[in-house]
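Summary of structural features
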Amino acid sequence: MTDQRESIRANARYLQHVRPIDPEEIATYVEGSPHPAVVRQVLREEALDLELIERTDGTFVPVEDDPVPPRTATDPEPVRRLPDQYANRLEDELVDRYGVDWHEGASGDLLRSTIRRVKAQYLERQSVTYDEDVAAGYAIYHLPGYYAAIQYALDDFAERGFLDRRLRVLDVGAGVGGPALGLCDYLPEDALLEYHAIEPGEGADLLEAFLEETGSNVHSTVHRTTVETFDPASVDDGENASDDSEGDDANGRNDTSEQFDLVCLCNVLSELDDPEAVLRQALEWVAPGGALLAMAPADKNASIELRRLERAVEIDRIGAGSMDTNPDTSTKPTGTVTVYSPTVRLWAGETPSDRGWSFDVRPDLEVPPFQRKLDEATPDDDDNHTPGEFVNVDVQFSYSILRLDGTRRVELSLEGTGRAKMAEMERHVTNRIDLTAAKLSHSLSEAGPDDEHGGHRGGARGRPNPLFKISDGSEAVDHYAVLTGETSLNRALLEAGYGDVLSFENVLVLWNDDEGAYNLVVDEETIVDRLA
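Residues numbered from 1 in each chain as written. Predicted model: local features only at pLDDT ≥ 70, side-chain atom pairs only at ≥ 80, totals over all residues. Heavy atoms only, no water.

**A short note on unusual backbone geometry**
With an omega of 0°, the peptide bond between S341 and P342 qualifies as cis. Locating P342 in the fold gives a position in the loop between strand 10 (338–341) and strand 11 (360–362). The backbone of T430 shows a phi angle near 75°, a positive value even though the residue is not glycine. For T430, the location among the structural elements is in the loop between strand 12 (395–403) and strand 13 (432–439). (Helix = DSSP H or I, 4+ residues; strand = E, 2+ residues; numbered from the N terminus.)

Here it is as structure tokens:
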């Protein structure tokens, strides 16, 4: 078979520059005339090394060099729902584990109590042990939201052409696979994805099941080990990896076996004993021109911790990792850690030191059938239940994209512009000023300062004014833009998206003693423009 494999590879290498590769045609060129299905399987197994994608007509062609466009360029609509193939696969797995009536009786009670317990432990910042039941409950409650969230975060990366169609990804703490599935569906069908997941917990079984539902050009490997013991050099020889139905142990790209175009740490940093060390190690695995995407839930503790970690590693010089046991670091990437997005650094040498609670909010998803089933099957005598308790369709998340090449999403410096600096806002209280800042929240005005939305009231008599967190990257305390008088000249504050940079002219500075924050009052005299 080795000779046949080499012959298939040689013929594929020749034909890929001539015409689409047809397994039936190649079978006629190979000694022994293997069945076309055998040729097709070999081509699938060698696709990463040969950089081939499989088309719907069964032929193979080289992956294109054009970058992946942002999702908004091809589909301006928000993510509406978890696709049926994933929802159906989850229900199939639940049926296999708990029976046809998994949502009722003892199994339903078990899953509901598990979700309640894990939510309480998480909010109380207690450690969570991920056994089979916890993994199932986690998938029921979190899979849809995490599936959607990563797609919005990837738009920041793709809008500058940084997401290649030939993509090598490492997903640290992949869990049951919400972000993984979102990533797979974000990429077009003609993209070639080499996906590696680090997941030592019970969620790995569900992750592998879901990955079986992805396209033929997704080549996935699940490494059932911890991030501390993971050796990226072992990726190509299959160590630490589970069996892979698509021939995922590719032998190509040996020169970059320890580097990945995208390293993801999604909803895992808050669960690690030493998240800062893991983050620094993960940055060592980012390939030149690549990025690290860290995500966290929008709740106060997880979101603030993400910003703390972002600031802790910023301007670090990446070289040999503190957790790296390989003495040969000559091929390691080097560079200075830069915050690419969504937070900004608009003043040279300045880094924010406020509490950093910043998160994005996107449209709710449709309720998936497995959540509705579990919720509606709650016994009537469950006094702790309120309708919708086990439905979670919110898409609220914090994220940070880090690069090693100094590139930022917003390449803007305010030095010498005469704009006010947030680090010096105390001197401007009760004055009107001009400043430039990024919008880093949805409207927070209907929430109290310590609740899940993180805002505070900006109006009177129960009718709060729209209020948004803003930042220029120099602030030591929170700054909020409060819209007290909407006009056509300041409407950009309402219309701007998360992370967009705005120019404020003639905004009034007030100190809010109750909140310990600055309110930048946007009224009829204020002009707000969105900067490209």
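**Some points on the confidence of the model for the chain**
Looking at the chain as a whole, the pLDDT averages 90, with 89% of positions reaching at least 70. When the criterion is pLDDT under 50, residues 320–331 qualifies, and its contacts beyond four places in sequence or with other chains add up to 14 contacts. (pLDDT = per-residue confidence, 0-100. Contact = heavy atoms within 4.5 Å.)

**Some remarks on the nonpolar core**
The tendency in soluble globular proteins is for nonpolar side chains to be buried side by side. L90, I140, L183, L193, Y195, L293 and M295 are the most contacted members of the largest nonpolar core, which totals 74 residues. For this core, the element with the highest residue contribution is helix 8 (residues 132–158), accounting for 17 residues. In contact with Y195, not counting residues within four places along its chain, are V169, D171, A174, A180, L183, L207, L211, H219, S220 and T221. With 28 residues, the next largest nonpolar core counts V227, A282, L292 and L404 among its residues. (Core = buried A, V, L, I, M, F, W, Y, C linked by side-chain atoms within 4.5 Å. Buried < 20%, exposed > 50% of the residue type's maximum accessible area, 1.4 Å probe, protein only.)

**Some remarks on the pairing of strand 6 (residues 260–266)**
Strand 6 sits mainly inside the fold: 7 of its 7 residues count as buried. Judged from the 3 bridges that link them, strand 3 (residues 166–172) and strand 6 form a sheet pairing that is parallel. Across the sheet, the residue bridging to V169 is L262, located in strand 6. The sheet contact formed by strand 6 and strand 7 (residues 286–297) spans 6 bridges and is parallel. Its bridge partner lying in strand 7, V263 is registered against L292. As a crossover connection, the stretch from strand 6 through helix 11 (residues 275–284) into strand 7 is right-handed. (Pairing = 2+ DSSP bridges. Right-handed = clockwise from strand over helix to strand, strands pointing away.)

**Here's the deal with the packing of aromatic side chains**
The tally for this structure, following the rule as stated, stands at 11 aromatic pairs. Consider the rings of F162 and Y340, whose centres lie 5.9 Å apart with planes at 70°: the pair is edge-to-face. You can see F162 sitting in the loop between helix 8 and strand 3 and its partner Y340 sitting in strand 10, a full 178 residues away along the chain. By relative accessible area, which is 22% here, F162 ends up partly exposed. Chaining the aromatic ring pairs together yields one cluster made of Y152, F397, Y399 and Y498. The ring of F162 is capped by R403, whose NZ or CZ atom sits 4.0 Å from the centre of that ring. When the ring centre of Y340 is taken as reference, the NZ or CZ atom of R403 above it lies at 5.9 Å. (Phe/Tyr/Trp six-rings, centres within 6.5 Å; stacked < 30°, edge-to-face > 60°. Lys NZ or Arg CZ within 6 Å of the ring centre and 35° of its normal.)

**Overview of the layout of surface pockets**
Computed from the structure, the second largest pocket encloses a volume of approximately 400 Å³. Surrounding the second largest pocket, 21 residues form its lining, P188, E189, D190, G215 and N217 being those nearest its centre. Split by residue class, the lining of the second largest pocket holds 9 nonpolar, 6 polar and 6 charged. (1 Å grid on protein atoms, 1.4 Å probe; cavity = no way out; pocket = protein on both sides within 12 Å on 5 of 7 lines; lining within 4 Å. Points joined across faces, edges and corners; volume = space filled by probe spheres on them. Nonpolar A, V, L, I, M, F, W, Y, C, P; charged D, E, K, R; others polar.)

**Digging into the pattern of salt bridges**
For the coordinates displayed, the defined rule picks out 48 salt bridges. The closest approach of N and O atoms between R280 and E276, which form a salt bridge, is 2.4 Å. Residue R280 and its partner E276 are located together in helix 11, separated by 4 residues, close to a single helical turn. Its relative accessible area of 22% is what places E276 among the partly exposed residues. (Salt bridge = Lys/Arg side-chain N within 4 Å of Asp/Glu carboxyl O.)

**With respect to the packing of helix 8 against helix 13 (residues 369–376)**
For the pair helix 8 and helix 13, the least separation of the axes is 9 Å and the interaxial angle reads 140°. Relative to helix 13, helix 8 is oriented oblique. Considering the relative orientation of helix 8 and helix 13, their crossing is left-handed. Facing A139, I140, Y141 and P144 of helix 8, the residues of helix 13 in contact are F370, Q371 and L374. Residue composition of the contact of helix 8 with helix 13, grouped by class: 6 nonpolar, 1 polar and no charged. (Axes fitted to C-alpha atoms, helices over the stretch in contact; angles between N-to-C directions. Parallel < 35°, antiparallel > 145°, perpendicular 65-115°, else oblique. Left-handed = near helix turned anticlockwise from the far one by under 90°.)

**A look at the environment of I8**
Position of I8 relative to the elements: it lies in helix 1 (residues 2–15). According to the relative accessible area criterion, I8 is buried, its value standing at 1%. Sequence spacing of I8 and L43 is 35 residues, and the spatial spacing of their C-alpha atoms is 7.7 Å. If we ignore the near neighbours within four places in the chain, the residues touching I8 are I26, V30, V39, V42 and L43.

**Quick look at a negative patch on the surface**
On the surface, E64, D65, D66 and D164 cluster together into a negatively charged patch. By the element assignment, D66 lies in the loop between strand 2 (60–62) and helix 5 (71–74). (Patch = residues over 30% accessible without salt bridge, like charges linked within 9 Å, V, L, I, M, F, W, Y side chains within 5 Å. Areas by Shrake-Rupley, 256 points an atom, 1.4 Å probe, with all protein chains shown as cover. Lys, Arg positive; Asp, Glu negative; His and termini not counted. Charge placed at Lys NZ, Arg CZ, Asp CG, Glu CD.)

**With respect to the packing of helix 1 against helix 3 (residues 36–45)**
Two quantities define a packed helix pair, namely the angle between the axes and the distance from one axis to the other. Two elements in contact, helix 1 and helix 3, have axes whose closest approach is 10 Å; the angle formed by their N-to-C orientations is 75°. Between helix 1 and helix 3, the angle falls in the class roughly perpendicular. In this structure, helix 1 contributes R5, I8 and A12 to the contact, and helix 3 contributes V39, V42, L43 and E45. Residue composition of the contact of helix 1 with helix 3, grouped by class: 5 nonpolar, no polar and 2 charged.

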